[in-house]
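Chain residues, written in single-letter form:
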Amino acid sequence: MEMIGPSLRLRYATTADVPALLALGSDPEVTRFFSWGPYASSAEPASYVSRLAGERDRGERLDFLIVGRDGAAIGVTGLSELSHRDRRAVVGTWLGRARWGTGANAETKALIGRLAFDRLGLERLGAYADVENDRSQAALERLGFVHEGILRRWHRHGERVRDVVVYSWLREEWQRSPLANVPVTASGEPPPAFLCATAAPRR
Ligand SMILES: CC(C)(COP(=O)(O)OP(=O)(O)OC[C@H]1O[C@@H](n2cnc3c(N)ncnc32)[C@H](O)[C@@H]1OP(=O)(O)O)[C@@H](O)C(=O)NCCC(=O)NCCS
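Residues numbered from 1 in each chain as written. Predicted model: local features only at pLDDT ≥ 70, side-chain atom pairs only at ≥ 80, totals over all residues.

A.B. asks: Honestly, the site of the ligand in this entry has me stumped. Any pointers?
C.D. replies: Around the ligand, a shell composed of 18 residues is seen, among which W100, N105, D134, A138 and A139 lie nearest. Of all the elements in the fold, those that place two or more residues in the shell around the ligand are β5 (88-95), β6 (124-130) and α5 (134-142). If you tally residues by element for the shell around the ligand, the top one is α5, at 6 residues. (Near = placed C-beta within 6 Å. Helix = DSSP H or I, 4+ residues; strand = E, 2+ residues; numbered from the N terminus.)

Encoded structure:
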């Protein structure tokens, strides 16, 4: 499926996107707070792309390439840690350095919010930010994500163990947010493994 907004589109990555992913994800500033990267060779994004379809089918991860009007990839966003029973998942986003501070993150969250709350029937989107990732924390807070606390020793990056700040965005907070008014269209159907409530209210 695809989510289409005013200037950005979320679509599944394919092997044709490996060079673009390599270019974006080989920047150490971009991957500084991640367990992976910076990418050193195309084998790494190729391995990532090759896992995506299976992860979608199994309900493990629903990742999208973020592409601009010109069709060029600018980053990745997606859902993980899905719980059907609790109708929640976690959103994560990374953008190529050139698109930081451009509003692309806000539009990306508008697209993901529509998908998560409107199409999939989720009630809660969580988000994590490394305790030292001040930019990510500020970005989440200005979009309305609520700071909940610190998860101690939550992520392992090689031998480094990291504490993370946990945020949440609830369905009604999204509905009240200006991001819910961003015009978004969906093309195609979500992967069945991610559908939590088929009776989710349609806007
Ligand atoms: C996290 C990310 C998606 C946010 O997108 P973005 O376009 O950079 O975010 P925005 O510019 O909309 O918001 C960042 C905010 O942090 C502020 N900021 C920037 N540097 C900061 C710093 N060192 N400390 C505190 N705030 C900072 C900015 O001023 C901005 O706030 P404002 O718009 O109110 O002025 C992007 O920076 C990114 O891809 N980073 C690398 C990957 C990553 O860390 N992803 C998050 C994983 S949790």
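On we go.
A.B. asks: Explain the sheet that holds β5 to me, please; I cannot follow it from the model alone.
C.D. replies: Within a sheet, neighbouring strands are paired by backbone hydrogen bonds and run either parallel or antiparallel to one another. With mixed pairing, the 9 strands of this open sheet are ordered in space as β7-β8-β6-β5-β4-β3-β2-β1-β9. Of all the strands in the sheet, just β7 (146-157) and β9 (185-187) have a single pairing partner and so form its edges. Direction aside, neighbouring strands of the sheet carry axes that sit 25° apart on average. Bridge count between β5 and β6: 3 bridges; the pairing is parallel. Bridge assignment links A89 to a residue of β6, and that residue is L125. (Pairing = 2+ DSSP bridges. Axes fitted to C-alpha atoms, helices over the stretch in contact; angles between N-to-C directions.)

In short, geometric facts, not functional conclusions.
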